[in-house]
Amino acid sequence: MGLFGIFNKSKKETLDKGLEKTKQSVFSKIARAVAGKSKVDDDVLDNLEEVLITSDVGVDTTLKIISRIEERVARDKYVSVSELNSILRDEIAALLTENNSIDNENWDLPSDHAPYVILVVGVNGVGKTTTIGKLAYQFKKAGKKVYLGAADTFRAAAVEQLSIWGERVGVPVVKQQMGADPASVAYDTLSSAKANGADVVLIDTAGRLHNKIGLMNELKKIKDVMKKVIPQAPDEVLLVLDGSTGQNAFEQAKQFSAVTQITSLAITKLDGTAKGGVVIGISDQLKVPVKYIGLGEKMEDLQLFNKTQFVDSLFNIEK
Ligand SMILES: Nc1nc2c(ncn2[C@@H]2O[C@H](COP(=O)(O)OP(=O)(O)OP(=O)(O)O)[C@@H](O)[C@H]2O)c(=O)[nH]1
Ligand SMILES: [Mg+2]
């Protein structure tokens, strides 16, 4: 069992609940797509294509899914519309697992070095600070020594917000005054973490640099400074995306990948949105793996992303 395994007791419930809006929307669209039909034919496939595209799955991924279903229909000759949910589930799960082999469930911190450093990036408001708080909670609960770095020095409230998370979870937060150099905060954080034998460091950053060059330089500077303290840092550059923005999340992922090397993705706010299908498109289209999904505002509402469980939950498959 991986690092976060012990937190997964109520996982399915949280996932099912978090995806409720997406499910309702997808199911009602599918119901309309097959209305009056008994078998999956060209009309149904056309409608299904529209269902997936309007569910934020993205055009390229939708076309792949549709062509897989077409092949299946050609092979099986008669496919009843009542089987459509389970066929969709099977084909989407197969597509996503073919794609990349990262095994999130069994993920653990590397044993050959510490602290493991995670630099958290993303545009403002996507959920960076909250995701850091949730991760800190999970690492702490797994018995790890965690340090947080408040390198979003853009506004006082950002430092304050991370400090509140630090108190709530019970982990130290390294900070300076508002307006301080983020790279300097990152340096201090890694130094303290190293000196105190920390296992994990999470660095918060500002998402406000809209200018591409500015952002690129800022992140480069933070990374360079980190290496002065810990040569392999950062181990992970985690890009946080707001799932409720649907296709915008896709665009942000592309833009960030262009300015810095992203190693993993967290897709937040999947609860309360009908755009959860975006996770399918993102995990199909982007080479960077989706590692975490955010399903609420509470500490426990972050999960390691499991493709099969996600698709099962989306299509109400009980296991
Ligand atoms: N419902 C829900 N809300 C979330 C989730 N993740 C974050 N939020 C909320 O989104 C809002 C913004 O989150 P922050 O963590 O402050 O986002 P940020 O990226 O740090 O924002 P800036 O510091 O302004 O760049 C907060 O109100 C969070 O509670 C989630 O998974 N679900
Ligand atoms: Mg923040």
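Computed from a predicted structure; not experimentally measured.

A. Main features of the overall build of the protein chain. From N to C terminus, the protein chain includes 12 helices and 8 strands. The globule rule puts the C-alpha radius of gyration for 319 residues at 20 Å, and the 21 Å found for the protein chain is close to it. When its C-alpha atoms are laid out on the principal axes, the protein chain stretches across 65 × 40 × 35 Å. Counting every position in the protein chain, which comprises 319 residues, the buried fraction comes to 55%. Total accessible area on the protein chain is roughly 13800 Å²; 50% of this is exposed by carbon and sulfur atoms. When the 41 basic and 42 acidic side-chain charges of the protein chain are each reduced to a single mean position, those positions are 4 Å apart.

B. Summary view of the pairing of strand S6 (residues 264–268). In terms of burial, S6 is largely enclosed, as 5 of its 5 residues are buried. The two faces of S6 match: Ser264, Ala266 and Thr268 on one face and Leu265 and Ile267 on the other face are all buried. Examined bridge by bridge, strand S5 (residues 236–242) and S6 share 5 bridges and lie parallel to one another. Pairing of leucine 238 across the sheet is with serine 264, part of S6. Crossover handedness for the path S5 to helix H10 (residues 247–259) to S6: right-handed.

C. Region of interest: the environment of leucine 265. Along the chain, leucine 265 falls in strand S6. When the C-alpha atoms of leucine 265 and serine 283 are compared, they prove to be 9.3 Å apart, with 18 residues separating the residues in sequence. Apart from the residues within four sequence positions on either side, leucine 265 is in contact with Leu238, Leu239, Leu241, Ile282, Leu286, Val288, Pro289, Val290, Lys291 and Tyr292.

D. Layout of the pairing of strand S4 (residues 200–205). The buried fraction of S4 amounts to 6 of the 6 residues, a majority that puts the element mostly inside the structure. Bridging between strand S1 (residues 116–121) and S4 involves 5 bridges; their strand directions are parallel. Looking across to S4, one finds that valine 117 is bridged to valine 201. Two strands pair when backbone bridges link them, and strand S2 (residues 146–151) and S4 are joined in this way by 6 bridges, in the parallel orientation. Residue pairing for S4: valine 146 is matched across the bridge by valine 200.

E. Local environment of the site of ligand 1. Looking at ligand 1, there are 20 residues lining it, with Thr129, Thr130, Arg208, Asp271 and Glu297 nearest. Threonine 130 places a side-chain nitrogen or oxygen 2.5 Å from an oxygen atom of ligand 1. Counting residues per element, the shell around ligand 1 draws most heavily on helix H6 (residues 128–141), at 4 residues. Tallied by class, residues from the shell around ligand 1 come to 3 nonpolar, 9 polar and 8 charged.

F. Seen up close, the UniProt feature "domain: SRP54-type proteins GTP-binding" (unreviewed entry) in the protein chain. Sites flagged by UniProt as "domain: SRP54-type proteins GTP-binding" (unreviewed entry) map to residues 289–302. In this annotation, residues 289–302 is assigned 0% helix and 43% strand; the end-to-end C-alpha distance for the span is 16 Å.

G. Representation of the side chain of serine 264 within the structure. Among the secondary structure elements, serine 264 is positioned in strand S6. Residue contacts for serine 264: discarding those within four places in its chain leaves Glu236, Val237, Leu238, Leu239, Val288, Pro289 and Lys291.

H. Here's a closer look at a nonpolar patch on the surface. On the surface, a nonpolar cluster with roughly 220 Å² of combined accessible area is contributed by Ile53, Val59 and Leu63. Tracing the chain through its elements places valine 59 in helix H4 (residues 59–76). Classification of valine 59 by relative accessible area gives partly exposed; the value is 45%.

I. Here's a closer look at the side chain of threonine 62. Position of threonine 62 among the secondary structure elements: in helix H4. Of the residues examined, threonine 62 reaches a relative accessible area of 0% and is grouped as buried. The contact partners of threonine 62, leaving out residues within four places of it in the chain, are Glu49, Leu52, Ile53 and Val57.

Calculation notes
Residues numbered from 1 in each chain as written. Chains lettered and ligands numbered in written order. Predicted model: local features only at pLDDT ≥ 70, side-chain atom pairs only at ≥ 80, totals over all residues. Heavy atoms only, no water. Helix = DSSP H or I, 4+ residues; strand = E, 2+ residues; numbered from the N terminus. Rg over C-alpha atoms; globule rule 2.2 N^0.38 Å. Buried < 20%, exposed > 50% of the residue type's maximum accessible area, 1.4 Å probe, protein only. Areas by Shrake-Rupley, 256 points an atom, 1.4 Å probe, with all protein chains shown as cover. Lys, Arg positive; Asp, Glu negative; His and termini not counted. Charge placed at Lys NZ, Arg CZ, Asp CG, Glu CD. Pairing = 2+ DSSP bridges. Right-handed = clockwise from strand over helix to strand, strands pointing away. Contact = heavy atoms within 4.5 Å. Near = heavy atom within 4 Å. Polar contact = N/O pair within 3.5 Å; in protein donor to acceptor, adjacent residues only side chain to side chain. Nonpolar A, V, L, I, M, F, W, Y, C, P; charged D, E, K, R; others polar. UniProt positions renumbered as here; feature names shortened; annotations may be inferred. Patch = residues over 30% accessible without salt bridge, like charges linked within 9 Å, V, L, I, M, F, W, Y side chains within 5 Å. Salt bridge = Lys/Arg side-chain N within 4 Å of Asp/Glu carboxyl O.

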